[in-house]
Amino acid sequence: MTLKVGIVGCGVAGSILGALLAHRRDVQLVCYERAQPGEHAEAGTGLNVGPNAMKALAQLSPSLEAAVREASWRWSRWQVQQVDGTPVFDFPLSELADRPGIRIRWSELYRVLRAPLAGIARFGHAVRACGVDPERPDRLFIESRTPQDAVEREDGIDLLVAGDGRYSALRPQFAGAWTARHVGVTIYRLLVPDTAGGLIDDYGWWFNGAKRLLAFRVPPGHVYIAGSFPIEPGADVPADQRTPEALRGHYQPAQGEPCAAVRWMVDQLATHHEQIHWARLQETPLAFRDPSGQVLFLGDAAHGMVPTLGQGATQAVEDACVAAHLIRQALDAHDGRPFTAADVADLTRRIEAARAPRVQWVMDFSLQCTAAMLAGADGPAEMRRLREPASRDGFRRLWTDVRLDPA
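The shown structure was predicted, so the numbers you read here are calculated from the model rather than taken from an experiment.

Could you clarify how one ought to interpret empty space enclosed by the protein in this entry?
Where empty space is left can be seen by rolling a probe of water-molecule size over the atoms. Summed over all chains, the structure comprises 1 cavity of 30 Å³ or more. Counted as a void, the largest cavity has a volume near 60 Å³. Taken together, Ile16, Val49, Ala53, Met54, Leu57, Val68, Ile102, Leu109, Leu113 and Val317 form the lining of the largest cavity. Counting residues per element, the ones that place at least two in the lining of the largest cavity are helix H2 (51–60) and helix H4 (106–114). Element by element, the count of residues in the lining of the largest cavity is highest for H2, at 3 residues.

Take a look at the structure:
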């Protein structure tokens, strides 16, 4: 074995990277996931994954990409309306993308991505400590607690990969604390059985000023609903804005009545309001590696971004594919020779160079597209600007410009 890789967190990025490295003879892989087999964080929600993620995954693992598509439905259109049903725009993704995206439940995505790690990843293991291996100062160790409450330690880690999410414990330990940037928008989400009778299908947004509803169907027969409205940046979501009455009021047009789709969504929100998950739109500064270069951050651990364009999980897929590609290249170039700490640092530097400019642009573009949801915004007017040439070029770049090597 020439490279010992420790992955902490088998979320989107960690699972894909693990799957793409698992069967190489020149990699010794150890993966940790605190969830037990069959347990899936955020199982009660859905997500849309962009065409760019599917393109990256297809280049590295056509079989895994096919498995993800098999568990999902196509994301082919994006429709925007006002809450009374007045159209704002409707366009097929095929105008700007070279393949469709997908709509899927979080639980199904995790199930598919973690399947190749069965018998490899240490599920149910909670990582309790990581640091410099005292016997080999140029290597790292990982200490975990097993499902049986025993403590295990893995020494001699060449490359430590932190895929432990937006609230990563490893990133502040190895790269320092950061301050999140709050945008001034709350977002909430709910997954319900599809009783809409065809009112909700592919990806749609509905606006009442700056207040937005988002919904789409996911297999096997559910509808994912997300809503947003402006709040004071950095403030908690006011309790009086979470009530069923407030939720109904957010999407009541000034004149007339909500369209049938909005009425159905609001009824679901009011009926299931105790099951709603609330959050605030925020960004974390970009960081792909620690100062030593031995720790690599991927996915939300590297770049928490606003979810406006569904690029959080999508960029995590891109991260994993690019990292796997460059790690494979480095392994092939070493031809069986062991990696030094300097080799690993050079590898993480190349991964950072390949990903940082792309991810920073995606974060900026996602934030730009959030303007419709900010306080005082005319949501429909802001959305119409996204159909102008400059924004269309941005979406084309977002959905098609997927590169595994820096260029």
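The rest of the description comes next.
Just checking my understanding: could you explain the sheet that holds strand E4 (residues 73–75) for this structure?
Two orientations exist for strands paired in a sheet by backbone hydrogen bonds: parallel and antiparallel. On the basis of which strands lie adjacent, the open sheet formed by 3 strands has the order E3-E7-E4 and antiparallel pairing. With one partner strand each, in any of the chains shown, strand E3 (46–49) and E4 form the two edges of the open sheet. Pairs of neighbouring strands in the sheet enclose a mean axial angle of 30°, with direction left out of account. Alignment of E4 against strand E7 (residues 101–105), held across 3 bridges, turns out to be antiparallel. Its bridge partner being in E7, Trp75 is matched across the sheet by Gly101. Strands E3 and E7 of the sheet are contacted by H4, whose axis makes an angle of about 100° with E7.

Honestly, the pattern of salt bridges in this entry has me stumped. Any pointers?
It is possible for side chains bearing opposite charge to pair when their charged atoms get close. Considering all chains together, one arrives at 34 salt bridges under this definition. We note a salt bridge from Glu95 to Arg387, for which the minimum N-O separation is 3.3 Å. With Glu95 in the loop between strand E6 (87–92) and E7 and Arg387 in the loop between helix H10 (379–385) and helix H11 (389–400), this pair connects stretches of sequence that are 292 residues apart. Residue class for Glu95 comes out partly exposed when judged on its relative accessible area of 35%. We note a salt bridge from Arg350 to Asp346, for which the minimum N-O separation is 3.4 Å. Taken together, the positions of Arg350 and Asp346, both in helix H9 (residues 341–368) and 4 residues apart, correspond to about one turn of that helix. On the basis of relative accessible area, Arg350 is assigned to the partly exposed category, the value being 30%. One salt-bridge network, held together by shared partners, links Arg103, Asp194, Asp201, Asp202 and Arg217.

Help me out: how do you make sense of the packing of aromatic side chains in this one?
Working definition: an aromatic ring pair is given by the centre-to-centre distance plus the angle between the planes. On inspection of all chains with the given rule, the structure shows 20 aromatic pairs. Ring plane angle 55° and centroid distance 4.7 Å describe the contact between Trp75 and Tyr203, whose orientation is recorded as tilted. Residue Trp75 is found in strand E4, and its partner Tyr203 is found in strand E14 (residues 203–208); the two are separated by 128 residues along the sequence. Assessed through its relative accessible area of 2%, Trp75 is described here as buried. Sitting over the ring of Phe141, Arg153 keeps its end group 3.8 Å from the ring centre. Stacked on the ring of Trp178, the Lys or Arg Arg171 has its end atom at 4.6 Å from the ring centre.

Here is what the cut-offs are and how they apply
- Residues numbered from 1 in each chain as written.
- Predicted model: local features only at pLDDT ≥ 70, side-chain atom pairs only at ≥ 80, totals over all residues.
- Heavy atoms only, no water.
- 1 Å grid on protein atoms, 1.4 Å probe; cavity = no way out; pocket = protein on both sides within 12 Å on 5 of 7 lines; lining within 4 Å.
- Points joined across faces, edges and corners; volume = space filled by probe spheres on them.
- Helix = DSSP H or I, 4+ residues; strand = E, 2+ residues; numbered from the N terminus.
- Pairing = 2+ DSSP bridges.
- Axes fitted to C-alpha atoms, helices over the stretch in contact; angles between N-to-C directions.
- Contact = heavy atoms within 4.5 Å.
- Salt bridge = Lys/Arg side-chain N within 4 Å of Asp/Glu carboxyl O.
- Buried < 20%, exposed > 50% of the residue type's maximum accessible area, 1.4 Å probe, protein only.
- Phe/Tyr/Trp six-rings, centres within 6.5 Å; stacked < 30°, edge-to-face > 60°.
- Lys NZ or Arg CZ within 6 Å of the ring centre and 35° of its normal.

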